[in-house]
Amino acid sequence: MSNILITYTSMTGHNEKIAKHLEEYLKGKGADVTLEQLVDSDAFDLPDYDAVIVGSYTYHEGELPDEAQDFYEDLEDVDLDRTKFAVFGSSSKGHIHYGRAVDYFTMQLNSSNGDQAADSVKINEEVEPDDLKRIETMADYVLKSLE
């Protein structure tokens, strides 16, 4: 059974909704899932998981949220040792820096020797049924990468 961490930060509740949907979906596929907020996650524990899925919103002028900073900075010192990963995040297409936090996390997880299992998913504001299908596809790619 795959051991997957879903860690996220949410200001509006959108990423929390996505993370909980992911948890339910992956458990339904037989995965062992840990769900926690990014502020409670330790980047140094990531190699203990078969896969990690990170969710973050983009703050203000394209910055990482304050509650994601420590985790992100710690990633620079972590060797993920080919741990599978995927990244998602809600943002607003009205911002010039749409979903930049998703890009930052994707780049850093790759730089930390992670193995990207699925394309990153950016969701424009409210989570729609089509968005959940894209999230499920991302989850399917993560599961497939663990076979």
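Residues numbered from 1 in each chain as written. Predicted model: local features only at pLDDT ≥ 70, side-chain atom pairs only at ≥ 80, totals over all residues. Heavy atoms only, no water.

In this section: the pattern of salt bridges. Taken as a whole and judged by the stated rule, the model has eight salt bridges. Its salt-bridge partner being R82, residue D115 comes within 3.8 Å of it at the nearest N-O pair. Taken together, the residues span a long stretch of sequence, with D115 in strand β5 (residues 115–116) and R82 in the loop between α2 (66–75) and β4 (84–91) at a distance of 33 residues. Taking the relative accessible area as the measure of exposure, R82 reaches 46% and is therefore partly exposed. Among the salt bridges present, the one from D103 reaches K122, with a minimum N-O distance of 3.1 Å. With D103 in helix α3 (residues 100–111) and K122 in strand β6 (residues 121–124), the pair connects residues that are 19 residues apart, well separated along the chain. The exposure class of K122 is partly exposed, given its relative accessible area of 23%. (Salt bridge = Lys/Arg side-chain N within 4 Å of Asp/Glu carboxyl O. Helix = DSSP H or I, 4+ residues; strand = E, 2+ residues; numbered from the N terminus. Buried < 20%, exposed > 50% of the residue type's maximum accessible area, 1.4 Å probe, protein only.)

By secondary structure assignment, the location of T58 is in the loop between β3 (51–55) and α2. Taking the relative accessible area as the measure of exposure, T58 reaches 16% and is therefore buried. For T58, the side chain forms a polar contact with the main-chain nitrogen of R100, separated by 3.1 Å. Side-chain polar atoms of T58 contact the backbone nitrogen of A101, separated by 2.9 Å. Beyond its immediate sequence surroundings of up to four residues, T58 is in contact with E63, S90, S91, H97, G99, R100, A101 and V102. (Polar contact = N/O pair within 3.5 Å; in protein donor to acceptor, adjacent residues only side chain to side chain. Contact = heavy atoms within 4.5 Å.)

This part takes up a negative patch on the surface. Negative charge collects at one region of the surface, where D70, E73, E76 and D77 lie side by side. Looking at the element boundaries, E73 is found in helix α2. Since its relative accessible area comes to 42%, E73 is described here as partly exposed. (Patch = residues over 30% accessible without salt bridge, like charges linked within 9 Å, V, L, I, M, F, W, Y side chains within 5 Å. Areas by Shrake-Rupley, 256 points an atom, 1.4 Å probe, with all protein chains shown as cover. Lys, Arg positive; Asp, Glu negative; His and termini not counted. Charge placed at Lys NZ, Arg CZ, Asp CG, Glu CD.)

To continue, consider the pairing of strand β2 (residues 32–37). As paired elements, strand β1 (residues 3–8) and β2 share six bridges and run parallel to each other. The residue of β2 that forms the bridge with Y8 is Q37. The handedness of the β1 to β2 crossover, carried by helix α1 (residues 14–28), is right-handed. (Pairing = 2+ DSSP bridges. Right-handed = clockwise from strand over helix to strand, strands pointing away.)

Here we take up the pairing of β6. What you see with β6 is a clean split: V121 and I123 sit on the buried side and K122 and N124 on the side with no burial. One ladder, built from four bridges, connects β4 with β6; its direction is parallel. Looking at β6, one finds that G89 is bridged to K122.

Further remarks concern α1. With 15 residues, α1 should cover 21 Å at 1.5 Å per step; its first-to-last C-alpha distance of 21 Å lies within 8% of that length. By the burial criterion, the buried members of α1 are H14, N15, I18, A19, L22, E23, Y25 and L26. Against the buried residues of α1 lie β1, β2, β3, β4, β6 and α4 (129–145). Looking one or two places after α1, you find G30, whose phi comes out positive at around 95 degrees. (Expected span 1.5 Å × (residues − 1).)

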